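Okay, here's what each chain looks like letter by letter:
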Amino acid sequence: MAKKIRRNGFVEGAVISYAAIVITKLLGAFYNIPFYSIIGEKGSVIYSFAYSIYTLFLDISTSGIPIAISIVISEYAAKEMYRTKERAYKLGLGVVTVISFLAFAVLMIFAPQVAGYYIGDMTDGVTVQEVAPAIRAIAFCLLIVPFLSMRRGYLQGHKCVAVSSTSQVTEQFVRILVVLAGAYLAIHVFDFGVTAGVCVSLLGAAIGALVAYIHLKHKEKGSSDIFHPDTVADEKVDSDKVILKKLLTYCSVITIIAIASGLYNLIDMKLLLVGLEKLSYSDESAQLIAGLASTWIPKICMIVTALAMGMTNSIAPHVAENYASGNLEKVNFNLNQAISTIFAVATPIASGMIIFARPVFHVFYGESPYGSKMLQWALVLNVFVSVVSVISMAMQSMNMGKVVCIATVLGIVINTCLDLPFIYLFDKIGIDAYLGATAASITGEIATLTMLLAVLKKKHKFHYSPSIKVLLKTFVAVGVMVVAVLGLCFAWPVKESGIVMYLQVALFGGTGALIFFLISYKSGLVIDVLGQNNVDRVFSILNRVLVKLHLKKS
């Protein structure tokens, strides 16, 4: 019999989500080490082109509905409108079914034309005939992943974050097994070729999602009282028209933002290819840089953005519930708590990875003339992306989706307009040209963040003093950590490769982390982020563990 599901609070939910996402993303990041080696540089380009297209169509299919379902279910549950809550889920599921099958059909039919968008008139590197089958393979995910996302949204709307999060770990574990085994067998055992190996690995996402969906349905058994509490005879029931309007209110904005971001990623990739071609980069080099920028480096950066993803999953239903009840002070508190946590965790991790960008990239993908520099700039970008994603989700839960949409599109327009000028400018002033695209993205994210914070302050009188306080303490701790680590690197320069390099990175990184934690604890940063009660709870658990270990030894 399956263990009964229970609800999770905001901080607990964020911690559980973060733990699951960190495990998932670490698995996803580190499996790329053997995977990249199996498929090679050519396979990595085919994979990145196909996966970028899939991401856009997945956003079209699922970006708005699951999150909208999470928010609407939380809202209806707070009002004890249980029949309406269930009807909302069924209506959302119907919409996702139609869109997903249409998206699947488009990719299957027009795969060669979509592949041609990337390849253009390039005569070297990968071809349309190699990319098109990969696009068709990844299209099968659209028949499974959207329904898994819907079920997770349903669970998150009931604040059952833990079971939703553990399903992500299950999905990733199965996916990695299929990807690695399938790609290796196809390429190195049966000699089907790189394209076939990439196609098999892309199907791994569909298989992982199917197993995760079965896992969720099994876990839900015996927990019907959480999802279907007793209703009362005079319970108010909204009509389908009202429910659909409410879903559309949340969903349309989220979908517009996701599609705009997805389209930008495709355009950004194309502009990068065009810019580098104009600057006389070879076709192979331009394709490799574009693949690194769109797919492979973001996989490493997931270590930084994982917390924001956990916060996003947890914050939406809580903000929706507090906003619906008129408790803006609590919403402001939740928002500052989320921003502070991201700054306190993402900034030191990103700083450490920037210092060791070359060995970090080497661990994942081997030597590259472009990788380490691209990774450094991408890490800065992803700190801003993390903050923007959480604020955007909170504002969408407060019926401020229009503002989020305008701010996001504004950032994307700024980003797009600056792509080619920054690429050419960087080349002119002696900086690697391909870094100009990331600089344009950072500028766009800063513009979006500034606008969102300004609107919240003006409309709801939100204040950010707790976040500013945490940010200042974080900068001090990170500054000391960076100086200490750079001092160690100066005293014992990091080797170019080999086991000594890995030992140095582990030693220097561990020392830096310890220094950051000690300063954070002494300055009160840990309490500012986690709260005194949670800190006391952690120390209580550690104390019990130490006592048990002592008793066993004695």
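Provided above is the structure to which this section pertains.
Sequence positions are assigned chain by chain, starting from 1 and proceeding in written order. Totals for whole chains, interfaces and linings use every residue, but because this is a predicted model, local features are given only for residues with pLDDT of at least 70 and side-chain atom pairs only at 80 or more, for both listing and counting. The side-chain numbers reported here are obtained from all heavy atoms of the structure, hydrogens and water having been left aside.

**Q** Could you clarify how one ought to interpret the overall build of the chain in this entry?
**A** Scanning the chain for helices and strands turns up 20 helices and 0 strands. Considering the chain as a whole, with its 554 residues, one finds that 51% of them fall into the buried category. Should any heavy atoms of two residues lie within 4.5 Å, those residues are considered in contact. For the chain, contacts bridging at least 24 residues in sequence account for 83% of all contacts bridging at least 6. Elements are defined by DSSP. Helices are runs of H or I of four residues or more, strands are runs of E of two residues or more, and each kind is numbered from the N terminus. Only protein chains enter the accessibility calculation, which uses a 1.4 Å probe; a residue is then buried when its area is under 20% of its type maximum, exposed when over 50%, and partly exposed in between.

**Q** Looking at this model, I keep getting lost on unusual backbone geometry. Mind explaining?
**A** Its identity is not glycine, yet Asp191 carries a phi of approximately 55 degrees, on the positive side. Tracing the backbone shows Asp191 in the loop between α7 (161-189) and α8 (194-219). Since its relative accessible area comes to 64%, Asp191 is described here as exposed. One non-glycine residue, Ser280, adopts positive backbone phi at about 70 degrees. Among the secondary structure elements, Ser280 is positioned in the loop between α10 (240-278) and α11 (283-324).

**Q** Explanation requested: helix α5 (residues 128-139) in the structure shown.
**A** In an α-helix, one full turn covers 3.6 residues, which means residues spaced three or four apart are oriented alike. To estimate the expected span of a helix, count its residues, drop one, and scale the result by 1.5 Å. For α5, which comprises 12 residues, the first-to-last C-alpha distance of 16 Å matches the rise-based estimate of 16 Å (1.5 Å per residue) to within 8%. Among all positions of α5, only Glu130, Val131, Ala132, Ala134, Ile135, Ala137, Ile138 and Ala139 are buried.

**Q** Whenever I open this one, the pattern of salt bridges confuses me. Can you help?
**A** When charged atoms on two side chains of opposite charge get close, those side chains can pair. Basic side-chain nitrogens of Lys or Arg form a salt bridge, by our definition, when they fall within 4 Å of a carboxyl oxygen of Asp or Glu. This structure, assessed with the given rule, holds 7 salt bridges. Measuring nitrogen to oxygen at the nearest pair gives 2.8 Å for the salt bridge that ties Asp240 to Arg87. A residue pair is termed long-range when its members are at least 10 positions apart, and Asp240 in helix α10 and Arg87 in helix α4 (residues 82-119) qualify at 153 residues. Across the pair Asp528 and Lys473 runs a salt bridge whose closest N-O atoms are separated by 2.8 Å. Residue Asp528 is found in helix α19 (residues 525-530), and its partner Lys473 is found in helix α17 (residues 465-491); the two are separated by 55 residues along the sequence. For Asp528, a relative accessible area of 30% puts it in the partly exposed group.

**Q** Would you mind going over the side chain of Thr408 with me for this structure?
**A** Structurally, Thr408 is set in helix α15 (residues 401-428). For this analysis, a polar contact is any N or O atom pair within 3.5 Å, provided that within protein one partner can donate a hydrogen and the other can accept it, and provided that sequence-adjacent residues contribute only side-chain to side-chain pairs. Within the local environment of Thr408, its side chain forms a polar contact with the backbone oxygen of Val404, the two atoms lying 2.7 Å apart. Once residues within four sequence positions are removed from consideration, Thr408 is found in contact with Ile257, Ser261 and Thr448.

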